[in-house]
Amino acid sequence: MRIEIDKSSGFCWGVIRTIEIAERELKSGEPMYSLGDIIHNPMENERLRKKGLEVISHSELERLRGKKLLIRAHGEPPETYRKAEQLGITIIDATCPVVAKVQERIRRFYLDGYQIVIFGKIDHPEVIGLVGQTNGEAIVIKNIEEIEKINLAKKTVLFSQTTMDKRTFYAIRDELVKRMQNLGGEAIEFQAKDTICGQFSRREDKIREFAKMHDVVLFVAGRKSSNGKVLFNSVHSVNPRSYYVEDSTEIQNVWFDGAESIGITGATSTPQWLMEEIKEELEYTFIQQSS
C-alpha cells in the first residue's frame, strides 16, 4: 500500500503566523487567553491548551482585566478592541494579514456610503469581524437564492469571506449585475471585490489533482472548519472514495478494500504533525495485517 501526504496541504501562512505568535507569547509563562478556538482544529487546540492557552468567550472578557488576550487569525470586530482597552486588557493581535486587509477595504467602502454585501457564513468568526466594520449593517449571503436580501437600487459592493468557493462568488456577481441591469433606468453603481485568499484558491486546484492520483483519500480537518468543508467538496467531486476525518479514531479499514494507494490531505487549519501521525498509524496497521 502506497500512502502519501499532500505536500501542499496543512497550515496556510496566516495560520502558521498566528500559532507562532501564540507560542512565542506562551513562553513568557504569563496566562494568555484566546477569544474562541485559535483555529478550527480540536487536536491543535488541545496541544496549545497544554502549553497554557485558555479559550474564552466574549461574555468572559470582564474577568481578563490586566491580562493578555490573543486575537486569532479570523480577526474581531472593532467593538472587541474597544472593550479590551476599557478593561485594560493587553491585545496580542494575530489576525491574518489577508483578513485584516479585507476588513480595511470593507470599512473604507462603508464610509463611502456603499451597501456592503459579504459572500460568507453569517455565524463564522471571520464574517462577524467583517460585519463589525460596517456597524453591523453589512448583508451576508451564502448563495444566489439569498440575493433577495439585497436592495438592488443602492450602490453596492460585493466582498467575500476569504475561504469561500470562488465559482459561487462569481456566479453571485454575475446574477447581481444581471438583476441590476434589468431594473432599467439609471445604471446603479456596483463593484465586486474577489477577496478569497489566493493561497486558498490555488490549494483548491492542487487538491483536486492530488485526489485524482489516489484510490482513496483521507481528508483530515476539524468539523468546524469552513475551508475544510469547501476543500473536501472539491476532493469528493473528483474522487468519491474520499472520507472526512478529524483524527485516526474515525478511520474504517473497509474504506481501503481493493485500494493500492491512499492520499492524506487536509484544510488550511490541519496541522502537519496530525497528518503524519495518521500516516504512521496506517503504515503500522497494514504491516500488522500482512504479517
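Above this text you will find the structure in question.
Residues numbered from 1 in each chain as written. Predicted model: local features only at pLDDT ≥ 70, side-chain atom pairs only at ≥ 80, totals over all residues. Heavy atoms only, no water.

Concerning the overall build of the protein chain
Note the following rule: Put simply, DSSP H or I for four residues or longer makes a helix, DSSP E for two residues or longer makes a strand, and each gets a number counted from the N terminus. Burial classification: accessible surface area is computed with a 1.4 Å probe over protein chains only, and a residue below 20% of its type maximum counts as buried, one above 50% as exposed, and the rest as partly exposed. Only heavy atoms enter the contact rule, under which two residues are in contact if any of them lie within 4.5 Å. The protein chains shown are the only cover counted for residues, whose accessible areas, like all others here, come from Shrake-Rupley with a 1.4 Å probe. The charge count includes Lys and Arg as positive and Asp and Glu as negative, but it does not include His or the ends of the chains. All charge positions are set by atom: Lys at NZ, Arg at CZ, Asp at CG, Glu at CD.
Along the protein chain, the regular secondary structure elements total nine helices and twelve strands. A principal-axis box enclosing the C-alpha atoms of the protein chain has dimensions of 75 × 55 × 25 Å. The buried share of the protein chain, taken over its 291 residues, is 52%. Counted over contacts in the protein chain with a minimum sequence separation of 6, partners at least 24 positions apart contribute 72%. Within the structure as shown, the protein chain displays about 13,900 Å² of accessible surface, and the carbon and sulfur contribution to it stands at 49%. If you average the places of the 41 positive and of the 44 negative side-chain charges in the protein chain, the two averages end up 3 Å apart.

Let's talk about the pattern of salt bridges
Counted only if it meets this: Salt-bridge detection follows one rule: a side-chain nitrogen of Lys or Arg within 4 Å of a carboxyl oxygen of Asp or Glu.
What the rule picks out here adds up to 25 salt bridges. Where Glu 60 meets Arg 63, a salt bridge forms, and the shortest distance between an N and an O atom there is 3.4 Å. For Arg 63, a relative accessible area of 40% corresponds to the partly exposed category. Put simply, Glu 148, Glu 175, Lys 178 and Arg 179 are held in one network by salt bridges that share partners.

Observations concerning the sheet that holds strand β5 (residues 90-93)
Strand pairing in a sheet relies on backbone hydrogen bonds. The paired strands run either parallel or antiparallel. Put simply, the rule reads: In this scheme, strands are said to pair when DSSP sees at least two bridges between them. Only the contacting stretch of a helix is used when fitting its axis, a line to C-alpha atoms as for every element, and angles between N-to-C directions run 0 to 180 degrees.
Spatial ordering of the open sheet is given by β3-β2-β4-β5, a layout of four strands whose pairing is parallel. Edge positions in the sheet fall to β3 (53-56) and β5, since each of these pairs with one other strand and no more. Shown here is a sheet whose adjacent strand axes are inclined to one another by a mean of 35 degrees, direction ignored. Sheet analysis places strand β2 (residues 32-35) next to strand β4 (residues 68-71), joined by three bridges and oriented parallel. In the sheet register, Tyr 33 faces β4, and the bridge partner there is Leu 69. Lying over the sheet, helix α1 (residues 13-26) contacts β2, β3, β4 and β5, oriented at roughly 140 degrees with respect to β5.

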